[in-house]
Amino acid sequence: MTTPLAQVSEWAPLAAAGVVRRGMDQGPAVVASHGDTRRTFPWASVTKILTAMSLWIATEEGTVGWDDPVGPPGATLADLVSHASGLAPDDDRRLAPPRTRRIYSNRGIELAAAHLAERSGMSFPEYMTTGLLDPLGLDGVRLDGSPAHGASGSLADLLAIGAELLEPTVVSRSTLIECTQVATPGLSGVLPGFGPQQHNDWGLGVEIRDHKEPHWTGHRNSPSTFGHFGQSGCFLWVDPRLGLALALLTGRGFGPWAEQGWSEFSDDVIAEYRTPDYTTDGFEPPG
């Protein structure tokens with residue numbers, strides 16, 4: 001029987017995709033996958049989810065605080081990870097005052113990771129491994145470069161991250177909710193690959209779907225969907241209201257194929273795998 005996940009083989013011969021679903025009376029579980037779940041792929045900017053989660057852990061521990069001054073004058077750690085610091089995409093130029101525009105900045109993520117390393121007395125890869133990867137059993141994930149885009153891992157690893165973001169164990173639920181709400185609402189900016197957005201909403205390290213159009217998630221996704229995509233043709237989105245997470249790894253450079261295909265793909269997956277207990281009508285689960 002053909003499933004919506006099988007279409008990823010049309011995008012790349014070694015593509016892999018999978019779905020995690022949260023049950024009403026049980027924890028999240030992988031309900032479907034396609035492709036080699038153990039093959040390692042580059043995660044590109046999906047790496048930012050790992051970096052964000054490491055920072056969430058560090059704030060709970062008190063190692064860092066969201067109001068810590070980091071980056072350009074007037075900017076905070078929260079500004080860096082929500083792309084509101086005014087930094088240029090890949091260097092230390094200040095293009096706007098903090099909290100006035102949403103400028104997607106790899107450099108901001110790198111400075112945030114460096115701040116955590118300085119405060120913790122550990123290298124960032126070491127902190128991420130001991131605080132996040134080891135507790136989740138993700139021994140196949142590697143960070144060999146920038147904390148903004150240097151990680152690699154398998155579909156199984158990425159699905160485990162998706163499950164964690166549906167039912168957190170390394171941080172409290174209140175921290176997860178706080179960090180996946182819009183930080184500094186109302187900022188406009190360019191969503192890479194999808195153009196200017198009047199409300200280019202981000203949380204603390206993850207992108208928030210809200211009502212962006214066009215967008216890489218589906219029209220069936222709730223506005224509270226959060227996640228990230230990468231230039232290596234990969235993504236992870238988590239929809240807390242639908243109780244679903246969808247992960248895709250391809251190793252194929254992002255381009256028109258993704259811009260045109262990912263949204264419809266997400267809609268097909270939601271139609272197939274959401275439970276009857278969760279509905280897209282009003283985007284509210286029961287209870």
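Residues numbered from 1 in each chain as written. Predicted model: local features only at pLDDT ≥ 70, side-chain atom pairs only at ≥ 80, totals over all residues. Heavy atoms only, no water.

1. Some words on the overall build of the protein chain
What counts, and what does not: Every helix listed is a DSSP run of H or I at least four residues long, and every strand listed is a run of E at least two residues long, numbered separately from the N terminus. For the radius of gyration, the atom set is restricted to C-alpha positions; the globular benchmark scales as 2.2 Å times the number of residues to the power 0.38. Three labels apply to residues, based on accessible area from a 1.4 Å probe with only protein chains included: buried if under 20% of the type maximum, exposed if over 50%, partly exposed otherwise in between. Shrake-Rupley sampling with a 1.4 Å probe provides the accessible areas, and residues are treated as covered by the protein chains on show and by no other component. Charged-residue counts in this description rest on Lys and Arg as positive and Asp and Glu as negative, His and the chain ends being excluded. By convention, charge coordinates are those of NZ in Lys, CZ in Arg, CG in Asp, or CD in Glu.
A tally of regular secondary structure across the protein chain gives seven helices and 11 strands. A globule of 287 residues ought to have a C-alpha radius of gyration of about 19 Å, and the protein chain, at 18 Å, matches this closely. Burial statistics for the protein chain: of 287 residues in total, 57% are counted as buried. Accessible area of the protein chain: about 11,400 Å², with a carbon and sulfur share of 49%. On the protein chain, the mean spot of the 20 positive side-chain charges and the mean spot of the 34 negative ones are 4 Å from each other.

2. Some points on the sheet that holds strand β3 (residues 41–42)
Sheets are built from strands paired through backbone hydrogen bonds, the pairs being either parallel or antiparallel. Worth spelling out the cut-off: Between any two strands, at least two bridges found by DSSP are needed for them to pair.
Read across the sheet, three strands follow the order β3-β5-β4 without closing on themselves; strand pairing throughout is antiparallel. A single partner strand is all that each edge strand has here, and the edge strands are β3 and β4 (142–143). The pairing of β3 with strand β5 (residues 151–153) spans two bridges and is antiparallel. Counterpart to Pro42 in the pairing with β5 is Ser152.

3. Some details on the side chain of Thr225
Put simply, the test is: Polar contacts, as used here, are pairs of N or O atoms within 3.5 Å; protein pairs need one atom able to donate a hydrogen and one able to accept it. Residues neighboring in sequence count only if both atoms are side-chain atoms. When checking whether two residues touch, look at their non-hydrogen atoms; a contact exists if any pair is within 4.5 Å.
Along the chain, Thr225 turns up in the loop between β8 (207–208) and β9 (226–230). Among the polar contacts made by the side chain of Thr225, one reaches the main-chain carbonyl oxygen of Ser222 at a distance of 2.8 Å. Reaching out from Thr225, the side chain makes a polar contact with the side chain of Asp239 at a distance of 3.0 Å. Once residues lying within four places of it in the same chain are set aside, the contact partners of Thr225 are Glu207, Ile208, Arg209, Thr217, Trp237, Val238, Asp239 and Pro240.

4. Some details on the sheet that holds strand β11 (residues 244–249)
A sheet is described by the order of its strands in space; here six strands give the open sequence β2-β1-β11-β10-β9-β8, paired in antiparallel fashion. Looking along the sheet, the strands with just one partner apiece sit at the ends: β2 (28–34) and β8.

5. Section: the pairing of β9
Consecutive side chains along a regular strand alternate between the two faces of the sheet. With five of five residues buried, β9 is to be regarded as a mostly interior element. Inspection of the sheet shows β8 paired to β9 by two bridges, in the antiparallel sense. Counterpart to Ile208 in the pairing with β9 is Phe226. The pairing of β9 with strand β10 (residues 234–239) spans five bridges and is classified as antiparallel. Within β10, the residue paired with Phe226 across the bridge is Val238. Here β9 folds back onto β10, and the loop between the two strands holds three residues, one of which, Gly233, carries a positive phi near 75°.

6. Some remarks on the packing of aromatic side chains
To be explicit about the condition: Pairs were defined over the aromatic rings of Phe, Tyr and Trp, the Trp ring being its six-membered one, requiring ring centres within 6.5 Å. Orientation was assigned from the angle between planes: stacked under 30 degrees, edge-to-face over 60, tilted for the rest.
The full count for this structure, using the stated rule, is 13 aromatic pairs. When the ring of Phe235 is compared with that of Trp262, the centres are 5.0 Å apart and the planes differ by 70°; the resulting orientation is edge-to-face. Taken together, the positions of Phe235 in strand β10 and Trp262 in helix α7 (residues 256–273) put the pair 27 residues apart, joining distant regions of the chain. Judged by relative accessible area, Trp262 falls into the buried class, the value being 0%. Taken together through their ring pairs, the aromatic side chains of Trp11, Phe194, Trp216, Phe229, Phe235, Phe254, Trp257, Trp262 and Phe265 make up a single cluster.

7. Structural notes on unusual backbone geometry
That bond from Glu213 to Pro214 is cis: its omega, 0°, falls within 30 degrees of zero. Topologically, Pro214 is positioned in the loop between β8 and β9. Phi is positive for Ala44, which is not a glycine, with a value near 45°. As for its position among the elements, Ala44 is in the loop between β3 and α1 (47–61). The class of Ala44 is buried, set by a relative accessible area of 14%. Phi angles above zero are rare outside glycine, and Asp210 is one such case at about 50°. Turning to its location among the elements, Asp210 is positioned in the loop between β8 and β9. Residue classification places Asp210 among the partly exposed positions, given a relative accessible area of 22%.

8. Remarks on the confidence of the model for the protein chain
Note the threshold: Confidence of the predictor in every single residue is expressed as pLDDT, which spans 0 to 100.
Taken as a whole, the protein chain shows an average pLDDT of 94; of its residues, 95% reach a score of 70 or greater. The low-confidence segment residues 280–287 (pLDDT under 50) makes 18 contacts with residues lying over four places distant or belonging to another chain.

9. Quick notes on the pattern of salt bridges
In plain terms, the rule: Criterion for a salt bridge: a side-chain nitrogen of Lys or Arg within 4 Å of a carboxyl oxygen of Asp or Glu.
Tallied over the entire structure, the rule returns eight salt bridges. The residue Glu207 makes a salt bridge to Lys212 at a minimum N-O spacing of 3.0 Å. Grouping residues by exposure puts Glu207 and Lys212 together as buried. Connected through salt bridges with shared partners, the residues Asp92, Arg107 and Glu110 form a single ionic network.

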